[in-house]
Amino acid sequence: MNASTGSSARGDNGRTLRGALIGCGFFAHNHLHAWQGIDGAQIVALCDADRKRLDHAGDEFGVERRYTDAAALLRDEPLDFVDIATTVGSHRQLVELAAKAGVAVICQKPFAPTLDDARAMVDTCREAGVPLMAHENFRWQSAIQAVGAALHDGAIGTPFWGRVSFRSAFDVFSGQPYLAEGRRFIVEDLGIHILDIARFLFGDVTRLSATLSRVNPTINGEDVATILLSHTKGVSSIVDCSYATRLPHELFPQTLIEVDGSEGTLRLFADYQLQIHTRDGTTMRKVVPPALAWASAPWEAIQGSVAAIQRHWVECLRRGVEPATSGRDNLHTLALVEATYRSAQQQRTIELAELEAAFGAAR
Ligand code: NAD
Ligand code: 89V
């Protein structure tokens, strides 16, 4: 599909799906580039409350139909789905608008500011019969998918211990100034991805305990988090995140992974080196991000994952199946975020069952 020329490819089993993007800010350009490379879907309209941003994106991607009001967009455009790339404060209102209009929804992370909001969004979409996916893209990175596939194939037997680690000093604040302003920072914005990867690899969580700290004095929220998790499948894992870690070789946005299993070990080292060791020997291979013409350093892995999750969405819509990172699924990741803050604040282990009520009928 090519939005700039108006041409579009069709999926094998149907017409081209008509999508609209709401929120044309910093990250939305990755969504728009990715949509251009996905067969069977086309972004036919854009919406942003900020006219300048709207026109900038519309001109760059050749999308003529433009709205500053999401309600007007949903009233006037015949759509199959909306892709919401605004910041978290507007997510519930926009998801509910789409559900009311009977339009399927993708919603960026953090999916909602609270678990109550998230559950309400999931319930509203379920009642409206509208598919809902959280744009939780990190697990869709090619390196993370390769780790998941190796564990799934039993490459190291049964995992019993893991570590999922993101340590960096990259300046995220210049592109996303709002990240410096919130009372919460690294767990809500970045840890949410790393916790989701831990869930993806090791299964759901029964309890966790966490410590948080702030090293950078110019921001409001925490920028270091260390979380110890017990998973239902018997794995103990550590999720650690930092934006205060100056390394000789800056790794942003790489996630490093260690897994010990009954038959061997798996390591995802820096620069996408995947090592698997068993009694039979050691293998090492590179699991680099896909080469996308529009990718820009150092964001390639994230950009590849944006393309992958949006492709997954189109496949799921066509087949009528729930996306892996559905709104319902994301409640479990959001619960880990909430439990992390609660554990650090109350200096105790949190049983995830304490947050059970938050899942309600959405489970
Ligand atoms: P941004 O502030 O640069 O852009 C948001 C845009 O949404 C703005 O242009 C704003 O005018 C518009 N907007 C806000 N409310 C609106 C409404 N009700 N109707 C219409 N337009 C509205 O933010 P950003 O940095 O692009 O982040 C957007 C989202 O993407 C955030 O939730 C952020 O966490 C997420 N994000 C995800 C990744 C990732 O890898 N998954 C990376 C960066 C950002
Ligand atoms: O993925 C994100 O949500 C981004 C970043 C990678 C910079 O943390 O905010």
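Since the model is a prediction, treat every value here as computed from it, not as a measurement.

Draft legend 1. Just the overall build of the protein chain, in detail. Counting its secondary structure elements, the protein chain contains nine helices and 15 strands. Dimensions of the protein chain, computed from C-alpha atoms along their principal axes, come out at roughly 60 × 45 × 40 Å. With 363 residues in all, the protein chain has 55% of them scored as buried. Here the protein chain has roughly 15,300 Å² of accessible surface; of this, 50% comes from carbon and sulfur atoms.

Draft legend 2. Focus on the site of ligand 2. Neighbouring ligand 2 are Lys 109, Phe 138, Val 172, Gln 176, Asp 189, Leu 190, His 193, Tyr 243 and Ile 302. Take Lys 109: an N or O atom from its side chain is 2.5 Å from an oxygen atom of ligand 2. Separating an oxygen atom of ligand 2 from a side-chain N or O atom of Gln 176 is a distance of 3.0 Å. The cavity where ligand 2 resides is the largest pocket. Top contributing element to the shell around ligand 2 by residue count: helix H7 (residues 186-202), with three residues. Partitioned by chemical class, the residues of the shell around ligand 2 number five nonpolar, two polar and two charged.

Draft legend 3. Structural detail: the environment of Gln 176. Relative to the elements of secondary structure, Gln 176 occurs in the loop between strand E7 (159-167) and H7. According to the relative accessible area criterion, Gln 176 is buried, its value standing at 12%. Along the chain, Gln 176 and Leu 266 lie 90 residues apart, while their C-alpha atoms are 34 Å from each other. Only 2.9 Å separates the side chain of Gln 176 from the side chain of Tyr 178, close enough to count as a polar contact.

Draft legend 4. Broad picture of the state of the cysteines. Taken as a whole and assessed by the stated rule, the structure comprises zero disulfides. Here Cys 107 stays free of any disulfide, with the sulfur of Cys 125 as its closest cysteine sulfur at 9.1 Å. Given the relative accessible area of 0%, Cys 107 is considered buried.

Draft legend 5. Here's a closer look at the sheet that holds strand E15 (residues 350-351). Here we have nine strands laid out as an open sheet, ordered E14-E13-E12-E11-E7-E10-E9-E8-E15, and mixed in their pairing. Two strands lie at the open edges of the sheet, namely strand E14 (281-286) and E15, each paired on one side alone. Two strands pair when backbone bridges link them, and strand E8 (residues 205-213) and strand E9 (residues 224-231) are joined in this way by eight bridges, in the antiparallel orientation. Bridging from a neighbouring strand, Ala 210 pairs with Ile 227 of E9. Strand contacts of helix H6 (residues 142-152): E7, strand E11 (256-261), strand E12 (264-269), strand E13 (273-278) and E14, with the helix running at about 175° to E12, the strand carrying the most contacts. Together, E7, E8, E9, strand E10 (236-242) and E11 form the strand contacts of H7, whose direction differs from that of E10 by roughly 155°.

Draft legend 6. Representation of the site of ligand 1. As a structural note, the neighbourhood of ligand 1 is formed by 24 residues, with Phe 27, Asp 48, Lys 109, Asn 137 and Tyr 178 the closest of them. Contacts to ligand 1 include Asp 48, whose side-chain N or O atom sits 2.6 Å from an oxygen atom. In the environment of ligand 1, a nitrogen atom lies 3.1 Å from a nitrogen or oxygen atom belonging to the backbone of Ala 49. Computed on the free molecule, ligand 1 has an accessible area of 850 Å², of which 86% lies beneath the protein chains in the complex. At a threshold of 2 Å from the grid points, most atoms of ligand 1 map onto the largest pocket. In the shell around ligand 1, the residues fall into nine nonpolar, 10 polar and five charged.

Draft legend 7. Region of the structure containing the layout of surface pockets. Quantified by volume, the largest pocket comes out at close to 920 Å³. Mapped onto the lining of the largest pocket, the elements with two or more residues apiece are helix H4 (91-100) and H7. Taken together, the residues of the lining of the largest pocket sort by class into 24 nonpolar, 13 polar and eight charged. Approximately 260 Å³ is the volume attributed to the second largest pocket. Those elements that place two or more of their residues in the lining of the second largest pocket are helix H5 (115-128), helix H8 (300-319) and helix H9 (327-346). The dominant element in the lining of the second largest pocket, judged by the number of residues it contributes, is H5, at three residues. Taken together, the residues of the lining of the second largest pocket break down into 10 nonpolar, four polar and three charged.

The rules we used
Residues numbered from 1 in each chain as written. Chains lettered and ligands numbered in written order. Predicted model: local features only at pLDDT ≥ 70, side-chain atom pairs only at ≥ 80, totals over all residues. Heavy atoms only, no water. Helix = DSSP H or I, 4+ residues; strand = E, 2+ residues; numbered from the N terminus. Buried < 20%, exposed > 50% of the residue type's maximum accessible area, 1.4 Å probe, protein only. Areas by Shrake-Rupley, 256 points an atom, 1.4 Å probe, with all protein chains shown as cover. Near = heavy atom within 4 Å. Polar contact = N/O pair within 3.5 Å; in protein donor to acceptor, adjacent residues only side chain to side chain. 1 Å grid on protein atoms, 1.4 Å probe; cavity = no way out; pocket = protein on both sides within 12 Å on 5 of 7 lines; lining within 4 Å. Sits in = over half its atoms within 2 Å of the grid points. Nonpolar A, V, L, I, M, F, W, Y, C, P; charged D, E, K, R; others polar. Disulfide = S-S within 2.5 Å. Pairing = 2+ DSSP bridges. Contact = heavy atoms within 4.5 Å. Axes fitted to C-alpha atoms, helices over the stretch in contact; angles between N-to-C directions. Points joined across faces, edges and corners; volume = space filled by probe spheres on them.

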